[in-house]
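# Examination of the molecular architecture
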Amino acid sequence: MVVLTGAGISADSGIATFRDAGGLWEGHRVEDVATPEAWERNPRLVWRFYQLRRAQLREVAPNAAHLALARFEQACARADVGFELVTQNVDDLHDRAGSRTWHMHGELSQIRCERCTATVRGLDNLDPETLLACRQCGFPRMRPDIVWFGEVPYHLERIERSLRRCTHFVSIGTSGVVYPAAGFLAAARSRGAATVVNSLDEPANLHPRDRFVPGRASDVVPSLLADLASEVGIGDL
Ligand code: APR
């Protein structure tokens, strides 16, 4: 089974989604903070934006949907059923819930050097006003380890491999407009997987063959997974 999550699953923990409020993300146009051009143009603004998002993580916690996915993964491991959790989210709520998570769009909790590719994670209290030099090579400006628009997402080969093999694909809290992630649903469907989609509104990539379960992820995902547990052969959760 492959699960893809997006901003909607973390909305119930209090993290703003991307396409709310007239297309602004925390008051910024996405092009002003989430592109390599924005970083070149105004690294201080971009650094500040992401360090504030990172600081916000200390004030939020995984919700019932994150926790149910982690429990589901443990049940799959016990029953020797393959399970992969892929997220577009850069928050750490799946990780804190206990899931092994493939962060295809990077992670707020990590920064990386553009010159030598060294990464550093787990630095608390990074100053949002001060750019950080790389300790490995001295390059003056480490960047957030975030995949911006126009950049290639992480782990695509592994994800593609899982999509080819999965019998069940579940999409949670994503608007289905940002590719390549938005194409995973059709890829799994076309290979014969059963497809289940949760979101508040119908996402752009929804197909009549998908089972659509509307509602808040923290309300509906635990029971949706309980239903799937017997289908994938892991018994009761
Ligand atoms: N429960 C379930 N779904 C929800 C909830 C909720 N509580 N709240 C909102 N949603 C749904 C919305 O209906 C919408 O379909 O979550 C989706 C959020 O969509 P986006 O804000 O577009 O987020 P996402 O699809 O994750 O964005 C994809 O775009 O900006 C880039 O790289 C960024 O990873 C991000 C990518």
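The structure displayed is predicted, hence computed values, not measured ones. Every chain is numbered independently, its residues counted from 1 as its sequence is written. Residue-level local features of this predicted model are given only where pLDDT is at least 70; pairs of side-chain atoms are given and counted only at 80 or more, and the full residue set underlies all totals for whole chains, interfaces and linings. Water and hydrogen atoms play no part in the side-chain values, which are based on all heavy atoms of the structure.

Let us now look at helix H5 (residues 64–79). For the purposes of this entry, the term helix denotes a DSSP run of H or I that reaches at least four residues, the term strand denotes a run of E that reaches at least two, and both are numbered from the N terminus. An expected span of 1.5 Å times one less than the residue number is assigned to each helix. End to end, H5 covers 22 Å across 16 residues, agreeing with the expected 22 Å (1.5 Å per residue, within 8%). A 1.4 Å probe rolled over the protein chains alone gives each residue an accessible area, and that area as a share of the maximum for its type sets the label: buried under 20%, exposed over 50%, partly exposed in between. Turning to H5, its buried residues are Ala65, His66, Ala68, Leu69, Ala70, Phe72, Glu73, Ala75 and Cys76. Residue contacts are defined here by distance: any two heavy atoms, one from each residue, within 4.5 Å place the two residues in contact. For H5, the elements touching its buried residues are strand E1 (2–5), helix H1 (7–11), strand E4 (84–87), helix H6 (93–97), strand E9 (168–172) and helix H9 (217–231). What qualifies as a polar contact is a pair of N or O atoms within 3.5 Å, subject to a donor-acceptor requirement within protein and to the restriction that residues adjacent in sequence count only when both atoms come from side chains. Two or three places before alanine 65, at the opening of H5, asparagine 63 has a side-chain oxygen 2.8 Å from that residue's backbone nitrogen.

Here we take up the sheet that holds strand E8 (residues 143–146). Criterion used throughout: strands pair if DSSP finds at least two bridges between them. Pairing within the open sheet is antiparallel, and its three strands lie in the order E7-E6-E8. The open sheet is flanked by strand E7 (119–121) and E8, the only strands paired with a single partner. Pairwise comparison of adjacent strand axes, ignoring direction, gives a mean angle of 45° for this sheet. When strand E6 (residues 106–112) meets E7, the two strands line up antiparallel, connected through three bridges. Bridge pairing links glutamine 110 to arginine 121 in E7. Note on geometry: axes are C-alpha line fits, over the in-contact stretch for helices, and angles between N-to-C directions span 0 to 180 degrees.

Of all five residues that make up E9, five are buried, and the element is covered over most of its length. The alternating pattern of E9 places His168, Val170 and Ile172 and Phe169 and Ser171 on opposite faces, both of which are buried. With four bridges connecting them, E1 and E9 associate as parallel partners. Paired with leucine 4 across the strands is serine 171, a residue of E9. One ladder, built from five bridges, connects E9 with strand E10 (residues 194–199); its direction is parallel. Its bridge partner lying in E10, histidine 168 is registered against alanine 194. Following the backbone out of E9, through helix H8 (residues 184–190) and into the adjacent parallel E10, one traces a crossover that is right-handed. The handedness rule is simple: strands pointing away from the viewer, and a clockwise path from the first strand over the helix to the second, make the crossover right-handed.

Here the focus is the environment of proline 140. The topology assignment puts proline 140 in the loop between E7 and E8. On the accessibility criterion, proline 140 (55% relative accessible area) is exposed. Between the C-alpha atoms of proline 140 and glutamine 110, which are 30 residues apart in sequence, the distance is 17 Å. Setting aside its immediate chain neighbours within four residues, proline 140 contacts Leu131, Leu132 and Ala133.

In summary, the pairing rule links any two rings of Phe, Tyr or Trp, Trp by its six-membered ring, whose centres are within 6.5 Å, and it sorts them by plane angle into stacked for under 30 degrees, edge-to-face for over 60 and tilted for everything else. With the rule as written, the count across this model stands at four aromatic pairs. Considering the side-chain rings of tryptophan 39 and tryptophan 148, the 5.9 Å spacing of their centres and the 45° angle between planes classify their relative orientation as tilted. In this pair, tryptophan 39 is assigned in helix H3 (residues 36–41) and tryptophan 148 in the loop between E8 and helix H7 (156–165), connecting sequence segments 109 residues apart. Given the relative accessible area of 1%, tryptophan 39 is considered buried. According to the relative accessible area criterion, tryptophan 148 is buried, its value standing at 2%. Put simply, the rings of Trp39, Phe49, Tyr50 and Trp148 touch in pairs and so form one group of aromatic residues. Charge over a ring is defined by NZ of Lys or CZ of Arg lying within 6 Å of the ring centre and within 35 degrees of the ring normal. Above the ring of phenylalanine 49, the side-chain terminus of arginine 53 is found at 4.6 Å from the ring centroid.

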